[in-house]
Amino acid sequence: MGGRDDRIGEFFMGFEMSLGWLVPVEQLTYLLAASLFIVGLKFLGSPATARKGNLLASVGMLLAIVVTLLDQGIVDYTTILIGLLIGSAVGAIAAKKVEMTEMPQMVGLLNGFGGAASALVAIGEYWRLSHAGMTVPMNVLVTAVLGVLIGGVTLTGSLMAFGKLQGLISGSPITYPLQQPVNLILLAGFLVGGFYLVTHPNDLNIFFDISAISLILGILFVLPIGGADTPVVISLLNSFSGLAASAAGFVLGNDMLIIAGALVGASGLILTQIMCKAMNRSLASVLFGAFGGGGATSGTATATSSAQKSHRSVDAEEGAMMLGYARSVVVVPGYGMAVAQAQHAVRELADQLEKNGVEVKYAIHPVAGRMPGHMNVLLAEANVPYSQLYDMDDINPEFERADVALVIGANDVVNPDARDNAGSPIYGMPILEVDKAKSTIVIKRSMNPGFAGIDNELFYKDKTMMLFGSAKDVVTDLVTNVKELVTA
Amino acid sequence: MSESIIAGLVVFVLASFIGFEVINKVPPTLHTPLMSGANAISGIAVVGAILIAGTQSSQVATTIGLLAVILAMVNVVGGFLVTDRMLQMFKK
């Protein structure tokens, strides 16, 4: 971990000798912090220990911050304390205020801030060295350029993802002619600037030019990605924010930063993979495919033919009878349920059904929310015990035994076309096989096709009953009607 | 020059493998808290930010450092607290 200390040491030689014992203490504390991050992440992997894991990781962070404050290189504490206070206050308020439905935006924004901080560290160190009249060493230069690229892309990419999730920017993919060539030219510009810096390491203008290019690249990278693909994008940006921290670690010659960043990078990459698999898309097709553009055309094509198809509908009273007299019900919540804020009503319905002796399980598709595991958090907020939540692989064999599958605000993830119709744009995507249940109730506003504009064959099956209305009202009606079943 | 980069790369690659091993079997229920918790860890850049904000080499560097400390701290504190808030809700 010598790089940074060597350089600071040139300025503070005498000082460092008298306080020499602090250096190993600092290094060992960093080692302890890195270990706490690893153990913390390990504990985050099981519901029983997850809270403790988060606590351990935060203790690691606290230790790392405190020991850094003892660094001999630091001469002024005012700036640092102001920064620590403002940042902590903003973070604490945001964490307290945010709604669980807004979790993807929150994590997106935090990813961006982390990336920005790492990029600023790279820029700051570069500035400090060149300002001190030193030739910026090659290892610092190369890693600073890399850190600025990853951090910059993470910042603006995350802000774009935030805008899309928050509805500030259109959620549909934005494409324009020569999109990929433009991106490639920008990337080439970045590389040329980067190589130029190798021969002219102290050219600040070029350094700021390539910083600007990395910010633009982040915007352009998220622009063509559709709203339905945001779980992948958020995961990928999560991974980037880790890599940016690693790059900052390379710049400063600090192993703990490298380790912590690599852990986050790995975790984000795993989640990205899981999300891609859950949508049967390759990462490349998510990033460059502009999904929804192609899907929309075939969507309208099938929509015309759907005019001739007929569906069956029920009202809340009949629905309540089907549910109340069932032996087992599987609830399939989708993002539509969360948007309608119906999760508490759904929990109430499940409680009432269980009182009637009905077995209730929840089937959670990996991309049911707007980020990995989002639906689980939303249901946990409504006090649904996690032991009732079943992953796709565990619940799919159970549908055959279920009397009723209750689909609330989910569409594409229960579309049998994904399994049966090779012409469907979502063909190959793993689905929750609700059509195998003895009967299915679908709560939906109308027969309009969903977000991706793809018609859903499930709605026209003989066993499927449509229950029209807003999720919250309909489920509340169901609760009242199920209650009456008991008293009747 | 190359020596320190290579030493860093060794650490980076090994830590990545540890990350893959540790996180690979996290159940979907915990994916969101895992992501926000990991996200808070990526705020570790605050360590670098503190050093840059405190060395007083130039006004610009100090300002850059201050901004970095603020952003990283939002990430750290916001990330850990919101993760805890979510995990509090998980009941068996």
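Since this is a predicted model, take the numbers as computed values, not measurements.

**Concerning the overall build of chain A**
Okay, so step 1: For chain A, the count of helices and strands is 20 helices and seven strands.
Okay, so step 2: With respect to the principal axes defined by its C-alpha atoms, chain A has extents near 90 × 50 × 35 Å.
Okay, so step 3: Taking all contacts inside chain A whose residues are at least 6 apart in sequence as the whole, residues at least 24 apart take part in 78%.
Okay, so step 4: Per element, the accessible surface of chain A, about 19000 Å² overall, is 64% carbon and sulfur.
Okay, so step 5: Looking at chain A, you have 28 positive and 39 negative side-chain charges, and the mean spots of the two groups are 5 Å apart.

**Considerations on the pattern of salt bridges**
All names here are of chain A.
Okay, so step 1: Following the criterion strictly, the structure yields 13 salt bridges over all chains and no others.
Okay, so step 2: Of the charged contacts, one joins Asp229 and Arg281 as a salt bridge, the two residues approaching to 3.0 Å between their closest N and O atoms. Remark: Arg281 occurs in the loop between helix H11 (255-278) and helix H12 (283-288) and Asp229 occurs in the loop between helix H9 (204-222) and helix H10 (230-252); sequence separation between them is 52 residues.
Okay, so step 3: Residues Arg419 and Asp435 are paired through a salt bridge, measuring 2.5 Å at the closest nitrogen-oxygen approach. Remark: Asp435 occurs in the loop between helix H19 (417-420) and strand S6 (439-444) and Arg419 occurs in helix H19; sequence separation between them is 16 residues.
Okay, so step 4: By relative accessible area, Asp435 is classed as buried at 11%.
Okay, so step 5: Beyond isolated ion pairs, a larger network of salt bridges with shared partners links Arg419, Asp420, Glu433, Asp435, Lys436 and Lys461.

**Overview of the side chain of Arg128(A)**
Okay, so step 1: Among the structural elements, Arg128(A) can be located in helix H6 (residues 103-131).
Okay, so step 2: Engagement of the side chain of Arg128(A) in a polar contact is seen with the side chain of Glu125(A), the distance being 3.2 Å.

**Brief notes about the environment of Val251(A)**
All names here are of chain A.
Okay, so step 1: Examined against the element boundaries, Val251 turns out to sit in helix H10.
Okay, so step 2: Under the relative-accessibility criterion, Val251 is labelled buried at 0%.
Okay, so step 3: Sequence spacing of Val251 and Val75 is 176 residues, and the spatial spacing of their C-alpha atoms is 21 Å.

**As for unusual backbone geometry**
Residue and element names in this part refer to chain A.
Okay, so step 1: Of note, the phi angle at Leu178 is positive, near 60°, even though the residue is not glycine.
Okay, so step 2: Tracing the sequence through the fold places Leu178 in the loop between helix H7 (138-166) and helix H8 (179-199).
Okay, so step 3: Take Leu178: its relative accessible area is 60%, and that puts it in the exposed class.

**A few points about the sheet that holds S6(A)**
Residues and elements named next belong to chain A.
Okay, so step 1: Pairing is parallel across the open sheet formed by seven strands, whose spatial order is S1-S7-S6-S5-S2-S3-S4. A strand with exactly one partner marks an edge of an open sheet, and here the two such strands are strand S1 (312-313) and strand S4 (389-391).
Okay, so step 2: Across five bridges, strand S2 (residues 328-333) lies against strand S5 (residues 404-408) in parallel orientation. Bridge pairing in S5 links Val330 to Ala405.
Okay, so step 3: Where helix H16 (residues 343-355) meets the sheet, its contacts fall on S2, strand S3 (359-364) and S5, and the angle it forms with S3 comes to roughly 145°.

**Some thoughts on the pairing of S2(A)**
Residue and element names in this part refer to chain A.
Okay, so step 1: For S2, the buried fraction is high: six of the six residues fall into the buried class.
Okay, so step 2: Burial of S2 is two-sided: the residues Ser328, Val330 and Val332 facing one way and the residues Val329, Val331 and Pro333 facing the other way are all buried.
Okay, so step 3: Bridge count for S2 against S3 is four bridges, and the pairing is parallel. Bridging from a neighbouring strand, Val329 pairs with Val360 of S3.

**Some points on a nonpolar patch on the surface**
All names here are of chain A.
Okay, so step 1: A cluster of nonpolar residues, Leu184, Leu187, Leu191, Phe195 and Val198, forms a patch on the protein surface that exposes about 490 Å² of accessible area.
Okay, so step 2: Relative to the elements of secondary structure, Phe195 occurs in helix H8.
Okay, so step 3: Residue Phe195 is classed as exposed on the basis of its relative accessible area of 61%.

**What about the packing of aromatic side chains?**
By convention here, two paired aromatic rings are described through the distance between centres and the angle between planes.
Residue and element names in this part refer to chain A.
Okay, so step 1: Going through the model one piece at a time under the given rule, you end up with six aromatic pairs over all chains.
Okay, so step 2: In textbook terms, an aromatic cluster arises when at least three aromatic residues are bridged by ring pairs, as seen for Tyr126, Trp127, Phe207 and Phe208.
Okay, so step 3: Sitting over the face of the ring of Tyr390, Lys361 holds its NZ or CZ atom 5.1 Å from the ring centroid.
Okay, so step 4: Over the ring of Tyr335 we find Arg370, and its NZ or CZ is 4.1 Å from the ring centre.

**Remarks on helix H3 (residues 45-54) of chain B**
Okay, so step 1: Summarising burial for H3(B): ten of the ten residues are buried, a large majority.
Okay, so step 2: Downstream of H3(B) by one or two residues, Gln56(B) has phi in the positive range, about 55°.

**Digging into the interface of chain A and chain B**
Okay, so step 1: Counting from both sides, the interface comprises 101 residues of chain A and, opposite them, 79 residues of chain B.
Okay, so step 2: Here chain A meets chain B over a buried area of about 8000 Å², counting both sides, of which 79% is carbon and sulfur.
Okay, so step 3: Between the two partners, chain A and chain B, sit one salt bridge.
Okay, so step 4: Here Asp84(B) and Arg51(A) are joined by a salt bridge, their closest N and O atoms 2.8 Å apart.
Okay, so step 5: The tally of links from chain A across to chain B stands at 17 residue pairs in polar contact (both at pLDDT 80 or more).
Okay, so step 6: Counting only elements with at least two residues in the side of chain A that touches chain B, the list comes to helix H3 (22-43), helix H4 (50-69), helix H5 (78-97), H6, H7, H10, H11 and helix H17 (374-381) of chain A.

**Regarding the pairing of S3(A)**
All names here are of chain A.
Okay, so step 1: Burial of S3 is extensive: five of the six residues sit out of reach of the surface.
Okay, so step 2: Bridge analysis of S3 against S4 gives three bridges, and the strand direction is parallel. Each bridged residue has a counterpart across the sheet, and for Ile364 the counterpart in S4 is Asp391.
Okay, so step 3: Viewed along the sheet, the connection from S3 through H17 into S4 turns out right-handed.

**Some details on the confidence of the model for chain B**
Okay, so step 1: Averaged over every residue, the pLDDT of chain B is 93; the share at 70 or more is 99%.
Okay, so step 2: For this predicted complex, the interface confidence score (ipTM) comes to 0.97, while the overall pTM stands at 0.88.

What counts, and where the lines are drawn
- Residues numbered from 1 in each chain as written.
- Chains lettered and ligands numbered in written order.
- Predicted model: local features only at pLDDT ≥ 70, side-chain atom pairs only at ≥ 80, totals over all residues.
- Heavy atoms only, no water.
- Helix = DSSP H or I, 4+ residues; strand = E, 2+ residues; numbered from the N terminus.
- Contact = heavy atoms within 4.5 Å.
- Areas by Shrake-Rupley, 256 points an atom, 1.4 Å probe, with all protein chains shown as cover.
- Lys, Arg positive; Asp, Glu negative; His and termini not counted.
- Charge placed at Lys NZ, Arg CZ, Asp CG, Glu CD.
- Salt bridge = Lys/Arg side-chain N within 4 Å of Asp/Glu carboxyl O.
- Buried < 20%, exposed > 50% of the residue type's maximum accessible area, 1.4 Å probe, protein only.
- Polar contact = N/O pair within 3.5 Å; in protein donor to acceptor, adjacent residues only side chain to side chain.
- Pairing = 2+ DSSP bridges.
- Axes fitted to C-alpha atoms, helices over the stretch in contact; angles between N-to-C directions.
- Patch = residues over 30% accessible without salt bridge, like charges linked within 9 Å, V, L, I, M, F, W, Y side chains within 5 Å.
- Phe/Tyr/Trp six-rings, centres within 6.5 Å; stacked < 30°, edge-to-face > 60°.
- Lys NZ or Arg CZ within 6 Å of the ring centre and 35° of its normal.
- Buried area = accessible area lost by both parts, 1.4 Å probe.
- Right-handed = clockwise from strand over helix to strand, strands pointing away.
- pLDDT = per-residue confidence, 0-100.

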